[in-house]
Amino acid sequence: MLDIVYFAWVRERIGLPRERVETSAATVLDLVVELRAREPRYDAAFADTSALRVALDQQLAGFEAPLAGVREVAFFPPMTGG
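Let me begin by describing the structure that accompanies this report. (Residues numbered from 1 in each chain as written. Predicted model: local features only at pLDDT ≥ 70, side-chain atom pairs only at ≥ 80, totals over all residues. Heavy atoms only, no water.)

## With respect to helix H2 (residues 28-36)
Among all positions in H2, only Val-28, Leu-31, Val-32 and Leu-35 are buried. All buried residues of H2 fall inside an arc of 100° around its axis, so they share one side. On its buried side, H2 packs onto strand S1 (2-6), helix H3 (40-45), strand S3 (53-56) and strand S5 (72-76). (Buried < 20%, exposed > 50% of the residue type's maximum accessible area, 1.4 Å probe, protein only. Helix = DSSP H or I, 4+ residues; strand = E, 2+ residues; numbered from the N terminus. Arc of directions from axis to C-beta. Contact = heavy atoms within 4.5 Å.)

## A closer look at unusual backbone geometry
With the exception of glycine, the majority of residues adopt a negative phi angle, and the majority of peptide bonds are in the trans configuration. The backbone of Ala-8 shows a phi angle near 55°, a positive value even though the residue is not glycine. Checked against the element boundaries, Ala-8 lands in helix H1 (residues 8-14).

## A word on the sheet that holds strand S4 (residues 59-61)
Read from one edge to the other, the open sheet built from five strands follows the order S2-S1-S5-S3-S4, with strand pairing classed as mixed. Each edge of the open sheet is held by one strand with a lone partner, namely strand S2 (18-21) and S4. Taking the axes of each pair of neighbouring strands and ignoring which way they run, one obtains an average angle of 30° across the sheet. In terms of strand pairing, S3 meets S4 through three bridges, oriented antiparallel. Note that in S4 the partner of Val-54 across the bridge is Ala-61. (Pairing = 2+ DSSP bridges. Axes fitted to C-alpha atoms, helices over the stretch in contact; angles between N-to-C directions.)

## Structural notes on the pattern of salt bridges
Scanning the entire structure with this criterion turns up five salt bridges. Residue Arg-20 is joined to Asp-3 by a salt bridge in which the shortest nitrogen-to-oxygen separation is 2.9 Å. With Arg-20 in strand S2 and Asp-3 in strand S1, the pair connects residues that are 17 residues apart, well separated along the chain. By relative accessible area, Arg-20 is classed as exposed at 54%. Two residues, Arg-38 and Glu-19, come together in a salt bridge whose shortest N-O distance is 3.1 Å. With Arg-38 in the loop between H2 and H3 and Glu-19 in strand S2, the pair connects residues that are 19 residues apart, well separated along the chain. What makes Glu-19 buried here is its relative accessible area of 13%. (Salt bridge = Lys/Arg side-chain N within 4 Å of Asp/Glu carboxyl O.)

In structure tokens:
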């Protein structure tokens, strides 16, 4: 089982702040493909992965990162700071 956390407009499009999913995905990108196939709301949220960032167990990662041993995946838009 994998905990998935959604932030900002990703959460708004999906309609959930977090969920627990059973997945056979090997990488973050594989997980995105699985999620997009679930329902149109997931497809809309993940339509443009260049507009998303991902963290695995609270560490920034890329979409090619493996999910082996990961407990939490977080998706969020890029952030700017000051």
